[in-house]
Every structure is written in structure tokens, then in C-alpha cells.
Protein chains: 2
Amino acid sequence: MLRSHTCGELRLSDVTKTVTLCGWVQTGRDLGGLTFVDLRDRYGVTQLSFNMDTDAAMCEKGRQLGREFVVQAKGIVVERSNKNKTIPTGEIEIVVNELVILNKAITPPFTIEDQTNGGDELRMKYRYLDLRRQSVRKNLELRHRLAIETRNYLDLQHFLEVETPVLIKSTPEGARDFVVPSRMNQGQFYALPQSPQTFKQLLMVSGFDRYYQIVKCFRDEDLRADRQPEFTQIDCEMSFVEQEDILNTFEGLINHLFKTVKGIEIPPMQRMTYADAMTYYGNDKPDTRFEMRFVELNALVKGQNFKVFDEAELVVAICAKGAADYTRKQLDELTDFVKRPQIGATGLVYARYAADGSLKSSVDKFYNEAELSKWANACAAQSGDLILILAGQADKTRKAMSELRLEMGTRLGLRNKNVFSCLWVLDFPLLEWNEGDTNLLASLAGRWIAKHHPFTAPKPEDIALLDTNPGAVRANAYDMVINGVEVGGGSIRIYNKNLQAKMFNTLGFSNEEAQKQFGFLMNAFEFGAPPHGGIAFGFDRLCSLFGGADSIRDFIAFPKNNAGRDMMIESPSEISEEQLHELKLVIRADTPKASE
Amino acid sequence: MLRSHTCGELRLSDVTKTVTLCGWVQTGRDLGGLTFVDLRDRYGVTQLSFNMDTDAAMCEKGRQLGREFVVQAKGIVVERSNKNKTIPTGEIEIVVNELVILNKAITPPFTIEDQTNGGDELRMKYRYLDLRRQSVRKNLELRHRLAIETRNYLDLQHFLEVETPVLIKSTPEGARDFVVPSRMNQGQFYALPQSPQTFKQLLMVSGFDRYYQIVKCFRDEDLRADRQPEFTQIDCEMSFVEQEDILNTFEGLINHLFKTVKGIEIPPMQRMTYADAMTYYGNDKPDTRFEMRFVELNALVKGQNFKVFDEAELVVAICAKGAADYTRKQLDELTDFVKRPQIGATGLVYARYAADGSLKSSVDKFYNEAELSKWANACAAQSGDLILILAGQADKTRKAMSELRLEMGTRLGLRNKNVFSCLWVLDFPLLEWNEGDTNLLASLAGRWIAKHHPFTAPKPEDIALLDTNPGAVRANAYDMVINGVEVGGGSIRIYNKNLQAKMFNTLGFSNEEAQKQFGFLMNAFEFGAPPHGGIAFGFDRLCSLFGGADSIRDFIAFPKNNAGRDMMIESPSEISEEQLHELKLVIRADTPKASE
């Protein structure tokens, strides 16, 4: 080793030892007679000391060190006269007697500090420098720790880690696949997995009983903030279980992670049906750190000649505790907020329940105080509270109110990143109607598509509805939501060939197409498939949640930007004619839209 | 849970308990009044018992169970009268009082037994049934265990597990990349990594100090036995180290794996230079479970009018201990063996050192006993030994002799799969001349290519030879070889921009090409790169070695065949016109060779 110790481990008890350290020059301070250099490595920072009086030549060398130079320094550990209590090595320093510059460094394009002056683009281009910043490295250390503790827990629960293939088959029934042309089988392609779904189910058919994997998955989506074309899942499957067993097992996993990684004991998880989540939060991933549930006012507000409410499919309110003293300006901001195109409300109605007990609304012309009092009652509002009301088409209004609720939660300080509220959302719909999602192939428009995936089991009591009212069929599917973020989701699976075939039919597959794409799975079900189910957690997202951050980007060592580009290695890029030729591929020249 | 216990855990101490088991019907035995069914899951086999006298209806149900049916059985644990001492649950059975058929099964295409009647093709097509066989599942359990212990060891050594990207950039300086067309960046491609080499080096530039990952890698190679287009590496890198530190750290890893997974303490690893490995074993991955080193006889055999030896560049012998009594037939077999086209020798000369002390050879016409005695001396042969000699062009003869040595090792029982001999091979050449390897792009023919990869550091004392005699430059590169199998390899890396640029030039890159493909790495070296080095182990191979098997296929859950096809999911496959259209790709029609 080029060092005897790291830059994070020397203490007062090491004084008088001769040591050799290696690391990067964080800063240098030239005080004339004395020169100090902070030497940094992954483990910490140690001060090197040079004294002009005792060793002028060495001190001169120390003065020449630039930021981010890589050096090897040998010297004696001594007690510092001027101790730095903020770092563990702050009571000692090294009086250097040998100094080797292992590599010089040119000036980095941004400062290697927690608060850097580098913008996003620059930091992505020089990601290897960005990763030198302690704040970014700590994120990846957290990720490492979460992976270890995930494995520890699952190992104890007898899950076997099994690697499933990355080069699989394109099955474009959902999001777009990335494909990989095969040189050995020309004209044919592999696809990269969106998840190891079918393979983990086959492992259950094989009797593996409990499987897990921390695994890369791939999805070729259009631009979308904070999504990555490659992402990591904690992917799990269990046999001979019912939904309840899976909820308990993975509630256990999350409890274990909070306890071991963050030292937090979390209370038993709440549970909520999808229907309730939509009714009370307008959102299938409600942030339950705060209450502020939706209250439907239709029955109280209709027939008072207020056209907006009379014509609305839904009139819905939330009660913002203690916000009655919101100023006109604050209320205007909220109105502007809900009218933004991405939220799409046409206006905001409010009623204040003032500290003095009086009730006043922005629609006093139509509703007297007695009527407002009924609203307040319905909302369980107390004096000092502010009632906010949206009206319109039901789905859109719920969605807008969900955004307003989150905004109010933020404004009222109810969304502390160090408080964690975990929730199971249950009984998801099995199917959803695809009007023409641009993230799906155009040929899938105007069809039912699977809400989770085509292998999800419908609730037995709802199977009959598959023929008559597919949209009403509920699934044995569940999501885990923490602080309004969907961190995991899964389902009990179909394990009967005929039901699986019926599901494919409902999704618009012909029998031939289903057999061609998923024949191996349906055939497997004929050889003795056990009841089984599973879950997958978004590992990048889980890491960012544990790290108290909004973006997953800084929890991925080498992320891509929103256009799917790696700015550091400049990928994707063109490949050579020779490569294209070997693959028997030709890049089609762009043709005018009209002729397509 | 649908069960209270697994099929592997009930013992005499559980007698009288009411239990529920789930699993697959392994076998049924109908003895008239009594019917027994062996129920199997991952954890073991438990006998279910049905009695016609006490519960005729239930017994009838038990009789109807077919092989591989999935059942849930509830009953009472009782002591067996006829105990089976070969399995842990053999002292008890379950008297069944409730039986649910969870899924029926049609007859599997091959028997689910360790010694199955299924051929390779069939087992690959129905891999999910093949995985039910205990022998295959045990292999994957071994793999799981090796992964856990690898992580345990590396965690203790402060290695951080960091995920590197799978969608990277094509850098066709070695084996062929798999490429992934980008829909969002049309005409451009990602590539799948052959290894995370550049990323792990950048992590060292970032100060991560110690990195590891158990990671999928990809190589688009031509048909080759027991190679997979996707394979798994234990990938590691360390900073501020010299070669010796890496050898010690990873010798420690392998020791840890042998100890914890196999309960074997292995002796300190042997070390051998590449030059010695070639001279004494004709092979850069010698099987050191047995000695039988090459002895060069040129000085002893020339000038005796035996044209074959006189004209040979190399005359080389091995001494097969105790094989002097080989029959004419056995020697003919060996001659046929070395004359096979893939070995390519023109003939085999032998000399027997008989038990009575006499020496006789197949070339007695040219060499008398005194001369043979000198050969025997050189080979340290004793009476009872057989000397085998090949002659011809040096490299080819060494290669042929290496095969003959291994063949003799096998025939003499010196290659026990439960004996492990570990070896470091050191000082590999930095470069090799590419005559036109079909596994590389044709444009790389007639050039120096990197023996390991272009980031390997030459030995400092050999750098000057880069300009004058590139083939003679030795690298700080090492392979770990166990029982003649290369299980890992690595090197100390270049960390100086100018040396890296010189290396690319030697490999035939123009400065522009080098900058375009690897500019990010060379630029990174300007910002303070530490001395670093690493290693990667072939995890599939390591698993098969620990499992005492020759093929890696049965240590991969879902392997591909030698044509790179997944026989189960039938991949690669054609994709839809819609997908091709979105990717702006056209598949080029086959054109006659002449016009290419």
C-alpha cells in the first residue's frame, strides 16, 4: 500500500507515530513561517503541516501543492495547538518529512465543496469530479448501505438471489422496450427487460419459493423529469402466499431499513384502498404525513344559483388548519397556482373561519354564514382554519385538488423530509383505458392496458366483470407509498393458463400473439404453477427518499440527463459503418412528415 | 401463508402437531390399503400418508394426485413405522385430513430427478422444469452463497458497491459490443458494457478508493462452447495500491470463499510469470494440481539424423509418472489424440523407463540407451515412468504439449475436482499482434491489440520498448488461475494522460479517435488521478469451479445456447415494423458476397 493510514483515522492516541497518507489536496494555507495543507480521501481530512524554520525545502514543496493534487506524505503525528473540534482528526496534524506528488491536477471547472458553484450541466459532464464532493459520495454510501441491509433482511427470510437475463425478448404490451440487434441471428433482436417479471414467475414455477434480485431495468420513455432510461429495482417474488403475507414481509423490509440505516422505528403502516385514496386525496400515492382529506360538498352547495358549483360534477374542499389569516396576496398566489396549465382549475373558492368565529367566503354573494357553517362542519373546520374549494369535472378536479393539497402541505410545513409516513394502497383497478399515451406504441391506443402488468390477478369476485365492465375489475395489486412517493408496487399473479389467456384477450392480444410472445409462461402454468405474488421497489427512488432528496439523480453514480444522454461519456453516439454493416442495419433517412 | 411449515423442517419432535404443507407431488405409492405421496418443495421432501381404512374418501383423493401436481395438505405429524434415514424428514409423515389441489400438472417432458432422461435441448426449452431438479437448484443456491460471501468479505475490506451504467458508449477496440439504438437520439446507439472498466477507473479518480460490483457484462462473440453473450463479473478496483496489495487482497477473497462456502483451507497461492507458464506448461493458465512440467530436449536430441527432431524449432518432453506400462493401444490413442486437427501435432515420440530399469523408445533407430538415459535424466524420470515427446514449431508444439499434458493428467487421475490448486500468473505481455481474430472487427486486423485492455500499465522498466519492440513490453497484469481455469484477471492501470495517449497510439488510434472515444478518461486524468489497479473475476466460472462442474451453463438460471439463443423464451426474435420504424432502422436485405 502507498499509505499506512487513511486520512480519516488518526487521533491523539497516534501521536509520535510515523505515518504515510495519500489523498487529494483540499486546501492549502500559507501563513508565512507555517504552511498547512488539508489532505482529503474518502475517509476524511487530515492536516499536513510544514514549518519554514525546521525544514525550509519541505515547506517550499508544501507551498507548491495545488488544489486536487494527489500526494503521498510521510511524517510524524503531532498534537495540534489549534484544534479543530468539527472533524474527528482535528486534534492532530502530520509534520511532513517526505512528500511525493503522485499526480498534478489542473483547476477543476467547479469547486469540490458541498455547496459547489458548478451548474447541473457542468457537474454531469465532469461527474467524476462531482463525485468527489462529500455530499454526493455520502448519497452513494447510503445506497451501498441500503443494498446491504436489503440483502441481509431478505437472506434471513430465505430469499434466494437469482440473476435473470438482460438480453430477453421484446414484448411491447406496455412501455417501449430498448432493443439489441443480434449479429448472430440477423434481422432479429433481443430486448432489455423492463422488469424480470416473467422470469421471476418462472422461478416460482420452478419451486424456488422465494426470489430476490437488485437488478437494472430499462424503459425507453419520452423526456420526463427525474426518470432514467435505466433504473434499479429490488425485485422479489414468493410462493404459497396471499396478499397479506406479502404486505407483512415487505413492511418488515422497510421497517428493517429504517431501523438499521436511519435508526428510526416506524409505526405500523396505514392501509387504504385505491378508491379511498382517489376519493380522499385525489391521488393513488397520497402523502400521508398530513391529513387534510378531501371533503365532497356537492350535497351542500347545489341550487344556490352559483353556476360554477351547480354545473360541476364535483365540488370538493380541503381544510387548511390555521390558515385563516392568509392574506389576499397569498390567496391570489393559490388561485394562480391552481390555474397553471399543468393543474388546470378555472378558479379557487375559499372560506375563512376567522379567529373570532366569523365565516366569510369568496362566494358570499351566493352562500350566507349559516350555509358556510355547514361547509365548516363537513370539513371539521375550527376557527382559524381556511377552507379551499375546487369544482368541475370529477377526475380533473380531484387531480387539481391533490396538487393544491400538497402545495398547502408544503406551505404549512407539514412535509418534513425527516418524518416518514408509510402507506399501503390496495385494490388497484386491473385495467386502464389507453387514450393514446405517447409513452406507448401508437398501436396500443384505444385499448385496455394493464394498470400494473398483464400477469396481475384480478380479485376472484371481480373476474366475471372482465367480460361486462373491464374498467371496474379490481386487482390483487398494491403499492407502497412513503411521503407521497410510490416506492414499490406488486401483485398476486395469475397462475392459471386459462385466466392468463383471458387476460391477454382482454388486452387485445389474439391467441396467436399471446402464444408467440408469452407462450413459454402459459405453457409453464400447465406443469404445476404454485400460487405466487411479489413486489418490486424502485431502488433509486428509495435511496433518494432515505437521503431526504427530491431527485434520484444524485443517488446514481453515473446518471443520464432527461434526454437519456450520458453527458460525461457522450453517449449515445454514432457507431461505425463497419458495425452497422455487420448488424445488417441501415439508418433510414428522415422523410418529410407528409409522406410517412 | 398457505402453509404452516415447509417440506424440509418437520422432525420427530413435531409429532402430534397439526400442520399444513404445500408443494409438488414427487412420487406416489399406492399400496392398496395405504397410499404414500412424497411432497417436495425447495426445502425438502415430506411423506404424506393416506389410509383406506380410516378415511377412504381422502385416500381416494390422494390416489388421484399426479406427478408435479401442486397441493396443499393439512394433517397430523406422526412417527413413521418404516423410517427413511436418508432424508432429514424421514422419521415422520403427515396423516392427511384435508387436501387441496392448487394446480394440476401435465406430464413433464423429462423426469424431475437428478439423473434426468431429458437431453440438453429439451431441458433448455423447459428450463423452468429443469430448475426443479435438486442438482440444478443446488448450483444456484451455491451461486447465491458465493455472492453473499463475496460481498461480506469486500464489505469488511471497505469496498463500496457502486452500480455503473449498462447503457454506455461503443468503443470497439477489442471484442464486439452489443449496441442499442436510441429512439430519442436517432441514428445514435448506446452499447452494452464488456466490463465497467472506464467507470471503475473514474470512481478511483473520484476518490471512492475501493469499489466493487457483481455485474452483468456483454460480449458479442462468435459461437464458442460454454461462452455466454451475457456473463457476470465480480468487478473490483482499489486506489493507492501496488500489484502486491491487489494480489494479497484478492487471494484473501478466494481464501474466504473456500473457507466459508466449502470449508476448505487452501495453502498460500503459487505465483508464476507468464513466461514460465508458457515455458513449463505451454499455457497461460496451467493446471497446477499436478507437476508434469515441460522439459526442453533440443540440446540432447539434435544431430542424430532423426529428421523430425533435427528440423524442429522445439523438442519438448513431459514425464508421465508410473505410465511405463502403457500398452501399444494406449500409446496409439495418445498419438491419435495429438494428431487431431485441433491439436495439430504430426506425431508422438515416447520412451519407456521400464520397471526393470531398461529404456526403450519409439525412435530406437536413432537413439541408443545411453542417449535415452540422458533424456530420462533431464526429465527426472524414474523406472516405471513414460516420457512423451513432441517436436515442431515452438508455439504450436507447446500448445499441443499442453493439451497432451492435460490429457495425461486426466488419464492418471491427477485432476480431482475436489482438489483446488490456485495460482497467480504474473507479468503478462502488454500487447499481442492480431493476425485477424474473427471475434474482432476486421478493421483491427494487422494491428497490435491490448492483451488485457488498453488501460493496463506497462512495467515502468519496459516503457521504452513501446517504440522499439512493443511485443516485448510486459504489463503489470495478473491472472488468477484455479485448476487450469482462468477465474480472474486484472492489472495496475495507467493513470497518466500522456502514457494513456501513447498506449492508444501504439494500438493504432489516431489522437482524434482516442479523444473521441476515451477523451473523458484522459481528461479525468488531468484532474488528479490516483495510482490504482483492480481485478475482475468471472463469477459464472467461479461458481462452476466451486460446484465441481465443467460447464457454466448449469450455474446460470436462464442460460443461452452456443448460438446466443434463449431456447425457452425464443429470443432473439423479430420485432414489429412499428418498432423498427420508430427507431428509424431498416434491415438490409442479404446481398451476394461478390457485391459486398
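Residues numbered from 1 in each chain as written. Chains lettered and ligands numbered in written order. Predicted model: local features only at pLDDT ≥ 70, side-chain atom pairs only at ≥ 80, totals over all residues. Heavy atoms only, no water.

**Observations regarding the overall build of chain A**
Link 1 in the chain: When helices and strands are counted, chain A shows 17 helices and 23 strands.
Link 2 in the chain: For the C-alpha atoms alone, the extent of chain A along its principal axes is close to 90 × 75 × 55 Å.
Link 3 in the chain: In chain A, buried positions account for 59% of the 596 residues.
Link 4 in the chain: As presented, chain A carries roughly 24,000 Å² of accessible surface, and 49% of it is formed by carbon and sulfur atoms. (Helix = DSSP H or I, 4+ residues; strand = E, 2+ residues; numbered from the N terminus. Buried < 20%, exposed > 50% of the residue type's maximum accessible area, 1.4 Å probe, protein only. Areas by Shrake-Rupley, 256 points an atom, 1.4 Å probe, with all protein chains shown as cover.)

**Here's the deal with the relation of the copies chain B and chain A**
Link 1 in the chain: Each copy of the sequence occupies a distinct position, and chain B is placed on chain A by a rotation of 180° and an axial shift of 0.0 Å, giving an RMSD of 0.1 Å. What we have between these two chains is a two-fold relation.
Link 2 in the chain: Comparing interface residues between copies, 100% of those in chain B also sit at the interface in chain A, which points to an isologous, same-surface contact. (Least-squares fit on C-alpha atoms with pLDDT ≥ 70 in both. Contact = heavy atoms within 4.5 Å.)

**A closer look at the sheet that holds strand β16 (residues 386–392) of chain B**
Residue and element names in this part refer to chain B.
Link 1 in the chain: Strand order across the open sheet formed by 5 strands is β12-β13-β16-β14-β15, with antiparallel pairing between neighbours. Whereas interior strands pair on both sides, the edge strands pair on one side only; in this sheet they are β12 (295–296) and β15 (359–361).
Link 2 in the chain: Pairing geometry for strand β14 (residues 349–353) and β16, over 4 bridges, is antiparallel. Considered in β16, the bridge of V349 is made with I389. (Pairing = 2+ DSSP bridges.)

**Brief notes about the domain arrangement of chain A**
Link 1 in the chain: As far as domains go, chain A holds domain 1 (12–103), domain 2 (139–269 + 424–555) and domain 3 (290–415).
Link 2 in the chain: Placing the centre of domain 2 of chain A and that of domain 3 of chain A at their C-alpha centroids yields a distance of 38 Å. (Domains from an automatic or database assignment.)

**Observations regarding the pattern of salt bridges**
Oppositely charged side chains can pair when the atoms bearing their charge come close.
Link 1 in the chain: Under the definition given, this model contains 101 salt bridges over all chains.
Link 2 in the chain: We note a salt bridge from E582(B) to R176(A), for which the minimum N-O separation is 2.6 Å. Of this pair, E582(B) sits in helix α17 (residues 577–582) while R176(A) sits in the loop between β6 (160–161) and β7 (179–181), each in a different chain.
Link 3 in the chain: With relative accessibility at 9%, the residue R176(A) sits in the buried group.
Link 4 in the chain: D235(B) serves as the salt-bridge partner of K200(B), at 2.8 Å between the closest nitrogen and oxygen. Within this pair, whereas K200(B) is found in helix α5 (residues 197–205), its partner D235(B) is found in strand β10 (residues 230–239), the two being separated by 35 residues in sequence.
Link 5 in the chain: For K200(B), a relative accessible area of 1% translates into the label buried.
Link 6 in the chain: Connected through shared salt-bridge partners, D120(A), R123(A), R127(A), D130(A), R133(A) and D554(A) make up one network. (Salt bridge = Lys/Arg side-chain N within 4 Å of Asp/Glu carboxyl O.)

**Observations concerning the state of the cysteines**
All names here are of chain A.
Link 1 in the chain: Applying the stated criterion across every chain yields a total of 0 disulfides over all chains.
Link 2 in the chain: C422 forms no disulfide, and the closest cysteine sulfur to it belongs to C543, at a distance of 15 Å.
Link 3 in the chain: C422 sits in the buried class, given a relative accessible area of 6%.
Link 4 in the chain: With no disulfide of its own, C543 has C236 as its nearest cysteine by sulfur position, at a separation of 14 Å.
Link 5 in the chain: What makes C543 buried here is its relative accessible area of 0%. (Disulfide = S-S within 2.5 Å.)

**Points about the sheet that holds strand β15 (residues 359–361) of chain A**
Strand pairing in a sheet relies on backbone hydrogen bonds. The paired strands run either parallel or antiparallel.
Residues and elements named next belong to chain A.
Link 1 in the chain: Reading across the sheet, the 5 strands line up as β12-β13-β16-β14-β15 and stay open at both edges, with antiparallel pairing between neighbours. Since the sheet does not close on itself, it has two edges, and those belong to β12 (295–296) and β15, each with one partner.
Link 2 in the chain: Bridge count between β12 and strand β13 (residues 314–320): 2 bridges; the pairing is antiparallel. Counterpart to E296 in the pairing with β13 is V316.

**Some remarks on the interface of chain B and chain A**
Link 1 in the chain: Opposite the 128 residues of chain B that make contact, chain A presents 128 residues.
Link 2 in the chain: Across the interface of chain B and chain A, roughly 11,800 Å² is buried in total on both sides, 59% from carbon and sulfur atoms.
Link 3 in the chain: Broken down residue by residue, the surface that chain B buries against chain A is led by F240(B), F527(B) and R588(B), which jointly contribute 7%.
Link 4 in the chain: At the junction of chain B with chain A, the criterion picks out 12 salt bridges. (Buried area = accessible area lost by both parts, 1.4 Å probe.)

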